[in-house]
Amino acid sequence: MSEKEKKMSVAKGKPIAQSIPGGLLPSIVAARIDGTLVDLSFVPDHEVEVELIKADSEEGLRILRHSAAHLTAQAVLSLYRNAKLNAGPPTEDGFYYDIQMDPISSEDLGKIEEKMKELSARKLKIERVEMSREELEREFSNNKFKLDKIVAKVKPGHKSTVYRQGDFQDFCTGPHVPDTSYLSAVKLLSVASTNYMGDVTKEKMVRIYGTAFPDKKSLDQFLAMREESMKRDHRKIGQEMDLFTFNSERAPGFPLYAPNGQWIRSRMVGFMKDLNERYGWQEVWTPHLFRDTMWKQSGHYAKYKDNMYLFQLSDGDSYAIKPMNCPGHITIFERTMYSYRDLPVKYFEAGTVYRYEKSGEVGGLTRPRAFTIDDGHAFLRMDQMVTEIAAVLSMVKEAFSAFFHKPEMIYDLSVIDKENYDNYLISYHCNSCDSISDIRKAAVEELKCPVCGSTELEPDFSRWDAATEALKNALVSNDIPFKEYPGEAAFYGPKIDIHVKDALGRSWQLSTVQLDFFMPINFDLNFINEQGKKETPVMVHRAIYGSYERFMVILLESYAGKLPTWISPLQCYVVPVSQSFSDYGRKVEKALKARGIRAILDDTNETMNRKIRNIRRQRPSYIVVVGGKESETNTVSVRNREEKQTVYDLEKFIDAISREIDEREIQQTL
RNA sequence: GCCGUCGUAGCUCAGCCUGGUAGAGCGUGUGCUUGGUAAGCACAAGGUCGCGGGAUCGAAUCCCGUCGACGGCUCCA
């Protein structure tokens, strides 16, 4: 349907639905008049131009799913008499309904779904009814959650609406689909538990997740996609490819990398090391433990001690395992004096940090208790910010282009909210003694000048402005479109976060570039400026992958485990046709390994067919079959991931695959 | 941390409701077979049924506790 066809004019005094051609009607769920969404049953009081909302449009789907949420609620109420409804909004790819009721399990969903199908088949008319606030309060008098909403949303003396279908009604502004027959392609997906208004002290609720589509075909397509993304779960792939393991008894939440997984990690670390060095970042190493005194100084202890692994030695000294790398890097920076000419000083480290995540929060490699950050800290003069940040942005681009074909990246600039700055560390100018001090208002009892005690302090945003300008300029000079989020900055400075979209359309926050005014002050860092005076440097915290663990998750799930050859843990799987060709197989394996290609020869007493079938789960880049023909001509029969088979001269094959690896080709070239 | 579901062989799972001390497929090992690109044949090994307690003549099975995993909620420097 073109833009033109979507618009139509509707005469006064008759429902919109009656003006829509019969053939078109079933695909339309609602309409828009002057920017407001209305039901198809809406009767205009003068001739109007309406825009039709198709079921398969973004807005149409939301309406359809919201109606499906109502249908779920209706089914639940008819099956569970004591259930009390809370709210049931549409979500990005479905809907949920929060209901106070006795816990149910996912097995009960089938029963509810049956009921929904039955209600849908009855083609119940969905009606909009206007009610005054008083009427609403009467209608929903037995439901505290609805009453809360009515009180919060409907002003006394005003009206709002309920939607009715059969014996069911819900307080709702709509719009909704005309009748329940529109809701035939529905599926309840899972059940979870939540609390009223997300507050643990409030009532427990059952949250039922589901989705709905205009027709069964698109629902099935969605379910197939969902299945696919479950198949691509990195935990499953990791097990199949034998990359890592978790031992829930011995180290809950900590991944242990098997040879294949560690091989991938070292490749990633190696790539990053090379990239960093090319951009002037120097590798350092810091210990995994520091005295608690350092964490107290850095401020981490006060804020995050519940998430830190802390322990005391028998002599009484207390230590903490590092939850961050920056104080370590600062400690290295502190070892000597710097002139303004020495700056920038840029350190990086693949630094493994340990954070005690609460039991319900850990999960696979996405949220482990130990992870390794490709962490970098730069110490800069104010005038170096733009250049250095721009350089980091180039690094980010380069890094992701090596792993993905045309990666889709989204840049968020998080800045201070000047209307609401109590939480941020800012400079205050004292009107009484003219001194400047850095204070975070939310962290002090009373805002007063640390020099003279005066309360006549005026916020000075100049440093924040300069930093924000620097980040912006860096983005602009790299030709990067970005969105600005006031109030999202860290308390110590503004930042740029970079999200990358994966193959399944999910967006991951990976890179971050943060400016920090706080740590340098806290640790009293300085350099000698042109005037021969001590000056405080600005710190940049940055990570490109974010963590190696999360990045590995994205790689595995994006490629469904079929990684580009340069990071594939099994680059060549060599299979002799029969054991009588083991010798030639060994020769091939040796030749491959001599060139640094990760290859294994499988000369076990099994059929070639079985070997090929079973190696699939390990996702080899190439399967190399050798037999009589190959051994006589010094060739190999190579099968790539598209199942295409080609015979190559052995030396030529090795040259070609080496090139593919060296060039970090994303697609297979053979 | 909270709520729900789950925990049986290396992996995937059955058995649990209705108690009588475990089963399949894949994988592994051995033998036969010696093969041309996703299922050749046979035999075998492999499990304190997460852990602890309780009621029972008897528990993988029922009850309680605990640890862990998963899905959510909340959190994520």
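Below is a short write-up of the structure. (Residues numbered from 1 in each chain as written. Chains lettered and ligands numbered in written order. Predicted model: local features only at pLDDT ≥ 70, side-chain atom pairs only at ≥ 80, totals over all residues. Heavy atoms only, no water.)

Turning to the sheet that holds strand β2 (residues 28–33), a few remarks are in order. Picture the strands of a sheet paired through backbone hydrogen bonds; they go either parallel or antiparallel. Ordered by their spatial adjacency, 4 strands build an open sheet running β1-β4-β2-β3, and the pairing between neighbours is antiparallel. Two strands bound the open sheet, and with one partner strand each, they are β1 (7–10) and β3 (36–38). Taking the axes of each pair of neighbouring strands and ignoring which way they run, one obtains an average angle of 40 degrees across the sheet. Two strands pair when backbone bridges link them, and β2 and strand β4 (residues 48–54) are joined in this way by 4 bridges, in the antiparallel orientation. In the sheet register, I28 faces β4, and the bridge partner there is K54. Together, β2, β3 and β4 form the strand contacts of helix α2 (residues 58–79), whose direction differs from that of β2 by roughly 115 degrees. (Pairing = 2+ DSSP bridges. Helix = DSSP H or I, 4+ residues; strand = E, 2+ residues; numbered from the N terminus. Axes fitted to C-alpha atoms, helices over the stretch in contact; angles between N-to-C directions. Contact = heavy atoms within 4.5 Å.)

As a further point, take the packing of aromatic side chains. Counted by the stated rule, this structure contains 31 aromatic pairs. With centroids separated by 5.8 Å and ring planes inclined at 85 degrees, the aromatic side chains of F290 and W295 adopt a geometry described as edge-to-face. Taking relative accessible area as the criterion, W295 reaches 0% and is therefore assigned buried. Among the aromatic residues, those joined into a ring-pair cluster are F271, F400, F403, F404, Y545, Y548, F551, Y559 and W566. (Phe/Tyr/Trp six-rings, centres within 6.5 Å; stacked < 30°, edge-to-face > 60°. Buried < 20%, exposed > 50% of the residue type's maximum accessible area, 1.4 Å probe, protein only.)

Grouped together as the largest cluster of nonpolar side chains are 116 residues, with contacts concentrated most on F403, I496 and F653. Tallying contributions element by element places helix α12 (residues 385–403) first for this core, with 11 residues. Among residues more than four places away in sequence, those in contact with I496 are I389, L393, Y411, D412, L413, L471, L475, S511, T512 and V513. One finds V29, F95, V206 and F213 within the second-largest nonpolar core, a separate group that totals 42 residues. (Core = buried A, V, L, I, M, F, W, Y, C linked by side-chain atoms within 4.5 Å.)

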